[in-house]
Amino acid sequence: MAEEIESRVLLIMTGGTICMRQSPNGFVPARDFQEHCLAPMPAFNDKSPSIPIEVINDNAERTGHEVKEYTSLRTPQTAYGRKVRYTVYEFPELLDSSSIDAKGWTEIAETIERNYTHFDGFVVLHGTDSLAYTCSALSFMLQNLGKPVVLTGSQSPMLELQNDATENLLGSLVVAGHFMIPEVCLYFNNRLFRGNRCIKVAASDFAAFESPNYAPLAVTNSTRTNVNWEIVRRPRGIGAFGIRTDLDTRHVACLRIFPGIQPEMVDAVLRLEGLRGLVLETFGAGNAPHGQDNAMTKVLADAIGRGIVIVNVTQCLTGSVSPVYAPGMSLSRAGVVAGLDMTTEAALTKLAYLLAIPECTPESIAKDMAVSLRGELTEISQPVFRHPDGELSERAQTLTMLGYAIARGDLQRVDVIVKMEHHWLLNDADYSGNTPIHIASTSPSLEVLEYLLRQGGSVHLRNNQNRTPLFMAANAGMGEHVKLLRQSGAHLHSDERAAAEVLAQRRPEIWGEAGLHE
Ligand code: ASP
């Protein structure tokens, strides 16, 4: 019998309208969101007994970590047959997001890092004003992310009678608790976006965000949340989850070109003390006035010569910067980096992220600004090979074929099948809930497992028996497989630890290798 699988999600409350209440000075963030806003609502509380959940905090002196027990709540069963157990961790200081900066981003990233192995996904509650910046920043800060991180907020507080907070939070919980979308995402008004593609487009409409150059990763309608798996990004490569913090927002700036802008004005910004990077918002496909006698181009080229990285993004909502017109061409000849279809938010936070890397140089930053690190810009399109028709039965057949090839350790065959149907196959599951990575965790060929991991297969999905690939590899005594899975960020799920403890009595080494005692 398949066990009842409960997902665990950590809600990280940073502040914003979603938790606000009226005060004599206007709306201000209020504490105890779980107790006041969620516990009384049937959609967020199935009234089952509350189990305490451990959340790892910074201790008061910020010198180490402490484990604290939080009361949890559970949703009723969703359309996907799961219940989502969650708890709300509130930041010591709740913010209006217009005041967030690199310190706040670090705090979010560190909270996720400290609690990464204890939860299946994370929902970050945040004000909408700077939400697109935070999404972009986090997308760069979280490295080898293998679990969903969903940011959301609302235009109207949860305690207002008519609000968008309920829908936004419920939709985010469902995504973080059910779908292996290992990206930093933004869920708003029934749509899930790649976070670093978003901009805030409305100050009070419920449809507050758009992702003008990238389709939504998922859309919720009256019956389900439909994920567009073809465009979901997955970490490729062997590497455990980690974070980079302390983005350098102090030495970057953003300047919008307008008709009549004077080169002296641009020069004055470029001579700000300590400036290391500038995002230039230009016209159309990346054009700016070159100024009398090319004075503007000279100002920019001089600054680039002084080691400042200048990135060209368009003021238009859609489209990409490319040197098709003479003015754009001369910017690129002067050394201005084409930011392609990046949003200003993504370009600015990416610059701040790259500048914080100790070994960076202006050349390495310019190079990285023009390539996609987290799907934030569109490089050249990749060819996709498809079957002529994508029937569901054919999908099951392909997965079965792949399963046999993996079980035989036939790397060549695995490669052919994966190349045909890469976008959905890797995290799909067979009748017993096993994904290709589950099957590969006991395949005779370690290369097959490595190959599938490098294609972006998830190490965190659980089968119908509630087992991760790591558990299966350890149980089968496959030491090398266990090591490789661990290097790829795999860890035992809290629900499988009790079984692992029993099995470890007979084979302590391999279960130790699987991280049972960490
Ligand atoms: N000023 C609020 C904030 O960004 C707006 C919101 O949450 O929608 O925190």
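Calculation criteria
- Residues numbered from 1 in each chain as written.
- Predicted model: local features only at pLDDT ≥ 70, side-chain atom pairs only at ≥ 80, totals over all residues.
- Heavy atoms only, no water.
- UniProt positions renumbered as here; feature names shortened; annotations may be inferred.
- Helix = DSSP H or I, 4+ residues; strand = E, 2+ residues; numbered from the N terminus.
- Rg over C-alpha atoms; globule rule 2.2 N^0.38 Å.
- Buried < 20%, exposed > 50% of the residue type's maximum accessible area, 1.4 Å probe, protein only.
- Contact = heavy atoms within 4.5 Å.
- Lys, Arg positive; Asp, Glu negative; His and termini not counted.
- Charge placed at Lys NZ, Arg CZ, Asp CG, Glu CD.
- Near = heavy atom within 4 Å.
- Polar contact = N/O pair within 3.5 Å; in protein donor to acceptor, adjacent residues only side chain to side chain.
- Areas by Shrake-Rupley, 256 points an atom, 1.4 Å probe, with all protein chains shown as cover.
- Nonpolar A, V, L, I, M, F, W, Y, C, P; charged D, E, K, R; others polar.
- Phe/Tyr/Trp six-rings, centres within 6.5 Å; stacked < 30°, edge-to-face > 60°.
- Lys NZ or Arg CZ within 6 Å of the ring centre and 35° of its normal.
- Axes fitted to C-alpha atoms, helices over the stretch in contact; angles between N-to-C directions.
- Parallel < 35°, antiparallel > 145°, perpendicular 65-115°, else oblique.
- Left-handed = near helix turned anticlockwise from the far one by under 90°.
- Pairing = 2+ DSSP bridges.
- 1 Å grid on protein atoms, 1.4 Å probe; cavity = no way out; pocket = protein on both sides within 12 Å on 5 of 7 lines; lining within 4 Å.
- Points joined across faces, edges and corners; volume = space filled by probe spheres on them.
- Salt bridge = Lys/Arg side-chain N within 4 Å of Asp/Glu carboxyl O.
- pLDDT = per-residue confidence, 0-100.

The protein chain is annotated in an unreviewed UniProt entry as asparaginase from Aspergillus ruber. Quoted verbatim from the Sequence similarities (unreviewed entry) field of the UniProt record, the comment on the protein chain reads "In the N-terminal section; belongs to the asparaginase 1 family."

Engineer: How would you explain the overall build of the protein chain if you had to name every residue and give the values?
Structural biologist: Of the regular secondary structure elements, the protein chain holds 18 helices and 21 strands. A compact globule built from 518 residues would reach a C-alpha radius of gyration of about 24 Å, and the protein chain, at 24 Å, matches this within 12%. Residues classed as buried in the protein chain amount to 54% of the 518 residues present. Counting only contacts in the protein chain whose residues sit at least 6 apart along the sequence, the fraction spanning at least 24 positions is 72%. A distance of 3 Å separates the average location of the 45 positive side-chain charges in the protein chain from that of its 59 negative side-chain charges.

Engineer: Requested: an account of the site of the ligand, with residues and values cited.
Structural biologist: Close to the ligand lie Gly16, Thr17, Asp96, Ser97, Gly127, Thr128, Asp129, Ser154 and Gln155, which account for all nearby residues. One of the side-chain nitrogen or oxygen atoms of Asp96 is found 3.0 Å away from a nitrogen atom of the ligand. Here an oxygen atom of the ligand and a side-chain polar atom of Thr128 are 2.4 Å apart. When the ligand is considered free in solution it has 260 Å² of accessible area, and contact with the protein chains removes 90% of it. Its residues assigned to classes, the shell around the ligand comprises no nonpolar, seven polar and two charged.

Engineer: Break down the packing of aromatic side chains for me, with residues and values.
Structural biologist: Centre-to-centre distance and the angle between the planes together describe a pair of aromatic rings. One pass over the full model with this rule turns up 10 aromatic pairs. Their ring planes at 65° and their centres at 5.0 Å tell us that Phe188 and Phe209 sit as a pair that is edge-to-face. Here Phe188, found in strand 11 (residues 184–188), pairs with Phe209, found in strand 14 (residues 209–210); they are 21 residues apart in sequence, far enough to count as distant. Given a relative accessible area of 1%, Phe188 falls into the buried group. Three or more aromatic residues joined by ring pairs make a cluster, and in this case those are Tyr116, Phe119, Phe122 and Phe241. One cation-aromatic arrangement involves Lys147 over Tyr116; the distance from NZ or CZ to the ring centre is 4.8 Å. A cation over a ring is seen here: Arg467 above Phe471, with NZ or CZ 4.3 Å from the ring centre.

Engineer: An account of the packing of helix 3 (residues 131–141) against helix 8 (residues 344–355) is needed here, citing residue identities and associated values.
Structural biologist: Direction vectors running N to C along helix 3 and helix 8 enclose 40°, while the axes themselves pass 8 Å from each other. Classified by the angle their axes make, helix 3 and helix 8 are oblique. As for the relative orientation of helix 3 and helix 8, their crossing is right-handed in sense. Two secondary-structure elements touch here, helix 3 through Ala132, Tyr133, Ser136, Ala137 and Phe140 and helix 8 through Glu345, Ala346, Leu348, Thr349, Lys350 and Tyr353. Split by residue class, the contact of helix 3 with helix 8 holds seven nonpolar, two polar and two charged.

Engineer: Pulling in residues and values, what's your account of the pairing of strand 3 (residues 26–29)?
Structural biologist: Direction of pairing for strand 2 (residues 20–23) relative to strand 3: antiparallel, over a ladder of four bridges. Along strand 3, the bridge assignment pairs Met20 with Pro29. Counted between consecutive antiparallel strands, the loop separating strand 2 from strand 3 contains two residues.

Engineer: So, empty space enclosed by the protein: which residues are in play, and what are the values?
Structural biologist: With the rule as written, the count across this model stands at one cavity of 30 Å³ or more. Size it by volume and the largest cavity reaches roughly 180 Å³. What lines the largest cavity is a set of 19 residues, and nearest its centre among them are Gly146, Pro235, Gly457, Val459 and Ser488.

Engineer: How would you sum up the pattern of salt bridges? Please name residues and give values.
Structural biologist: Under the criterion given, the structure shown has 21 salt bridges. As a salt-bridge pair, Arg74 and Asp46 come within 2.8 Å of each other at their nearest N and O atoms. One end of the pair, Arg74, is in strand 6 (residues 73–74); the other, Asp46, is in the loop between helix 1 (33–38) and strand 4 (52–58), with 28 residues separating them in the sequence. Residue classification places Arg74 among the buried residues on the basis of a relative accessible area of 11%. Taken together, the shared-partner salt bridges connect Glu6, Asp46, Arg74 and Arg85 into one network.

Engineer: How would you sum up the UniProt feature "repeat: ANK" (unreviewed entry) in the protein chain? Please name residues and give values.
Structural biologist: As annotated by UniProt and renumbered to match this structure, "repeat: ANK" (unreviewed entry) occupies residues 432–464 and 465–497. With 42% helix and 0% strand, the stretch residues 432–464 has end C-alpha atoms that lie 6 Å from each other.

Engineer: Lay out the confidence of the model for the protein chain in plain terms, naming residues and giving numbers.
Structural biologist: Residues with a pLDDT of 70 or more make up 95% of the protein chain, whose mean pLDDT is 91. Scored below 50 in pLDDT, residues 381–391 makes 11 contacts in the model with residues more than four places away or belonging to other chains.

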